[in-house]
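An overview of the molecular structure
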Amino acid sequence: MTWTGAADAQRYGSTLLEGERVRFRALEDADLPDLVRWWRAPEWAVLQQILVRPRPEEPVVETFRNWSKSERSGEVGFSVVDRASGGLVGHVTLFGAKLPVRAATLAVMIGSEHVGRGYGTDAVRLLTAYGFREMGLNRIEIQVHAFNDRARAVYRKVGYQEEGVRRDATFHDGRFHDEVIMSALARDWPPTSSGEVPS
């Protein structure tokens, strides 16, 4: 949309960090206990991390602080909160974007007690739109364990396409597992309501 004045710019700014169910905001110290608890839970770590292991609190806190600095032009991180209640439900980040390719990797974590309520779908959709509309990205990718069928379904629903498999890329429970690479491109965004990308 071509802006014709300040009101158009302000309208864009007022909706940029809000989805249907969630809102993005800066990390606050009060978020850290929940984020650490969610990150350290083994039953959820196996879906997101390379190696499930007990980790001290401080390195996990520093990880979330680093992901949330949003100081470099190619990286942003936000706490995800429920729009209605303002309660923390997770964390998202885009990282690794550099010129000239303008490609970033998306990471999302929704707290265990908030899974299955649409927060993840809305957060991925909102962060993807932010990456294309505000950061000028051309490509956003996510790497997901092939066995994480719920996450893959969310990414497909939002408009990400599976483009490849890294065979035997992760190791859990005494065997190797594939990792699926999924991506969204700016030229295909937003997907239509049927999930098809515009031509």
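Residues numbered from 1 in each chain as written. Predicted model: local features only at pLDDT ≥ 70, side-chain atom pairs only at ≥ 80, totals over all residues. Heavy atoms only, no water.

1. Section: the overall build of the protein
Within the protein, the regular secondary structure consists of six helices and seven strands. Across the protein, helices and strands are ordered from the amino to the carboxyl terminus as α-β-α-α-α-β-β-β-α-β-α-β-β. Against the globule reference of 16 Å for 199 residues, the protein gives a C-alpha radius of gyration of 17 Å, in line with a compact fold. Structurally, the protein occupies a C-alpha span of about 60 × 40 × 35 Å along its principal axes. When the 199 residues of the protein are sorted by exposure, 44% land in the buried category. Across the protein, every contact between residues at least 6 apart in sequence was considered, and the portion connecting residues at least 24 apart equals 59%. Surface exposure of the protein reaches about 11200 Å², of which carbon and sulfur atoms provide 50%. (Helix = DSSP H or I, 4+ residues; strand = E, 2+ residues; numbered from the N terminus. Rg over C-alpha atoms; globule rule 2.2 N^0.38 Å. Buried < 20%, exposed > 50% of the residue type's maximum accessible area, 1.4 Å probe, protein only. Contact = heavy atoms within 4.5 Å. Areas by Shrake-Rupley, 256 points an atom, 1.4 Å probe, with all protein chains shown as cover.)

2. A few points about the confidence of the model for the protein
In the predicted model, the protein carries a mean pLDDT of 92, and 96% of its residues have values of at least 70. At the level of individual helices and strands, the protein shows its lowest average pLDDT in helix 3 (residues 42-48), which scores 86, and its highest in strand 1 (residues 22-25), which scores 98. Contacts from residues 194-199, a stretch scored under 50 in pLDDT, to residues over four places away or in other chains number eight contacts. (pLDDT = per-residue confidence, 0-100.)

3. Here we look at the packing of aromatic side chains
A full pass over the atoms with the stated rule returns nine aromatic pairs. With a centroid separation of 5.4 Å and 50° between ring planes, the pair formed by Trp-3 and Tyr-12 is classed as tilted. Its relative accessible area of 46% is what places Trp-3 among the partly exposed residues. Overall, Tyr-12 belongs to the buried group, its relative accessible area being 14%. (Phe/Tyr/Trp six-rings, centres within 6.5 Å; stacked < 30°, edge-to-face > 60°.)

4. Topic: the sheet that holds strand 1
The seven strands lie next to each other as 1-2-3-4-5-7-6, forming an open sheet whose pairing is mixed. In this open sheet, the two edge strands, each paired with only one partner strand, are strand 1 and strand 6 (161-172). Adjacent strand axes in the sheet meet at a mean angle of 30° when their direction is disregarded. Note: strand 2 (residues 76-82) against strand 3 (residues 88-95), six bridges, orientation antiparallel. (Pairing = 2+ DSSP bridges. Axes fitted to C-alpha atoms, helices over the stretch in contact; angles between N-to-C directions.)

5. Some thoughts on the side chain of Asp-8
Among the secondary structure elements, Asp-8 is positioned in helix 1 (residues 6-15). The class of Asp-8 is buried, set by a relative accessible area of 9%. Polar side-chain contacts of Asp-8 include one of 2.4 Å to the side chain of Arg-11. Those residues in contact with Asp-8 that sit more than four places away from it in its chain are Met-1, Thr-2 and Trp-3. (Polar contact = N/O pair within 3.5 Å; in protein donor to acceptor, adjacent residues only side chain to side chain.)

6. Considerations on the pattern of salt bridges
Taken as a whole, this structure holds 15 salt bridges when the rule is applied. For the salt bridge of Glu-62 with Arg-65, the shortest nitrogen-to-oxygen distance reads 3.6 Å. One end of the pair, Glu-62, and the other, Arg-65, are both in helix 4 (residues 57-67), three residues apart, so they sit about a helical turn from each other. Classification of Glu-62 by relative accessible area gives partly exposed; the value is 33%. Salt-bridge contacts for Arg-152 lead to Glu-162; the nearest nitrogen and oxygen are separated by 3.0 Å. Of this pair, Arg-152 sits in helix 6 (residues 149-158) while Glu-162 sits in strand 6, and the two are ten residues apart along the sequence. On the basis of relative accessibility, which here comes to 17%, the residue Arg-152 falls in the buried class. Since its relative accessible area comes to 38%, Glu-162 is described here as partly exposed. (Salt bridge = Lys/Arg side-chain N within 4 Å of Asp/Glu carboxyl O.)

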